Amino acid sequence: MDIKQFLDATYLKTATQAGLDEAAHKQLVLDFILDTIKGQYKCVMIRPDFVALAKQEIVKQKSSVVVGTVISFPDGADTTEQKLSEAQKAIADGADELDFVIDYIAFKNNKVDYVKEQVLEATKLAIANQKVVKWIIETAALTPAEIIKISALIKNVVMKHFDEKVYDKVFVKSSTGFFKTEPGVPNGATKEAIVLMIENASPLPIKASGGVRTLQEAISMIQLGVKRIGTSSAEAISKGWESKSDY
């Protein structure tokens, strides 16, 4: 097993969150992109503003690393039109994979038809452009029953409207890694949440994201059945080091 091919090496902080000015932050992101290319991970996952930069470096170095970005990050509250517009810009800039934050607040407020429509339209856009799409459900904001229902919702929309040949291109993803929880409460991928997602989203693949920081944690997720892992600790995981990442 090549652990690197499961890893979406992820950097999603803003300049403000990183405590840097814009120029210093752009250099940090560029260094991260270059390290991901050098490390030969599956995907470099960065914010939309840096997609074109990442694609440029990947093409320049003839790398097989794919470019992923987040849409409607981190709360998923944008309208369908806003999500589609942001996604179209990312596609034009060279994104290969689009990780949409689902409108989990609308879902919790029983606006199920609205959420279904967003999932349908955004997935249509991604598939029409031969992109991978991942739906971030933000498990820390949901009850176990809600995790079951939202995972099944995404699966049912995809199975109703798309050919089974593209099922492996539509992931259900656990977390942004940025949701604020009470101290000591995990805000990312937990075994319990991942099991519920796998049980209720299959045959769609699952991406575990948020809080996976060690090689053993990554292996445990893969053994559960996840196909991708989003992590800011890709190097630590791949080399068996202790991670110092805070998200």
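This text goes with the structure placed above it.
Residues numbered from 1 in each chain as written. Predicted model: local features only at pLDDT ≥ 70, side-chain atom pairs only at ≥ 80, totals over all residues. Heavy atoms only, no water.

Participant: Tell me what's going on with the environment of Asp 8, and back it up with residues and numbers.
Facilitator: In this fold, Asp 8 is placed in strand S1 (residues 7-11). Taking the C-alpha atoms as reference, Asp 8 lies 9.5 Å from Val 65; in sequence the two are 57 residues apart. In contact with Asp 8, other than residues within four places in its own chain, are Lys 42, Cys 43, Met 45, Glu 97, Lys 134, Lys 207, Arg 228, Ile 229, Gly 230 and Thr 231. (Helix = DSSP H or I, 4+ residues; strand = E, 2+ residues; numbered from the N terminus. Contact = heavy atoms within 4.5 Å.)

Participant: Kindly report on helix H7 (residues 144-161), identifying the contributing residues and their values.
Facilitator: If you check H7, its first and last C-alpha atoms are 26 Å apart, about what 18 residues at 1.5 Å a residue would give, namely 26 Å. Listing the buried residues of H7 in full gives Glu 146, Ile 147, Ile 150, Ser 151, Ala 152, Leu 153, Ile 154, Lys 155, Val 157 and Val 158. Along its buried surface, H7 packs onto helix H5 (104-108), helix H6 (112-128), strand S5 (132-136), strand S6 (170-173) and helix H8 (191-201). (Expected span 1.5 Å × (residues − 1). Buried < 20%, exposed > 50% of the residue type's maximum accessible area, 1.4 Å probe, protein only.)

Participant: Quick one: what's the story with the sheet that holds strand S3 (residues 66-71), residue by residue and with numbers?
Facilitator: Sheet architecture is closed into a barrel: eight strands sit in the order S1-S2-S3-S4-S5-S6-S7-S8, paired in parallel fashion. Averaged over neighbouring strand pairs, the angle between their axes works out to 25 degrees when direction is ignored. (Pairing = 2+ DSSP bridges. Axes fitted to C-alpha atoms, helices over the stretch in contact; angles between N-to-C directions.)

Participant: Lay out the pattern of salt bridges in plain terms, naming residues and giving numbers.
Facilitator: Within this structure, the stated rule accounts for 15 salt bridges. Glu 57 is paired through a salt bridge with Lys 60; the nearest N and O atoms lie 3.3 Å apart. Here the residue Glu 57 and the residue Lys 60 both occupy positions in helix H3 (residues 51-60), the gap between them amounting to three residues, near one helical turn. On the accessibility criterion, Glu 57 (9% relative accessible area) is buried. Take Lys 60: its relative accessible area is 53%, and that puts it in the exposed class. Residues Lys 207 and Asp 99 are paired through a salt bridge, measuring 3.0 Å at the closest nitrogen-oxygen approach. You can see Lys 207 sitting in strand S7 (residues 206-209) and its partner Asp 99 sitting in strand S4 (residues 97-101), a full 108 residues away along the chain. Given a relative accessible area of 0%, Lys 207 falls into the buried group. On the basis of relative accessible area, Asp 99 is assigned to the buried category, the value being 0%. Bridged by salt links that share partners, the residues Asp 8, Glu 97, Asp 99, Lys 134, Lys 173, Lys 207 and Arg 228 form one connected network. (Salt bridge = Lys/Arg side-chain N within 4 Å of Asp/Glu carboxyl O.)

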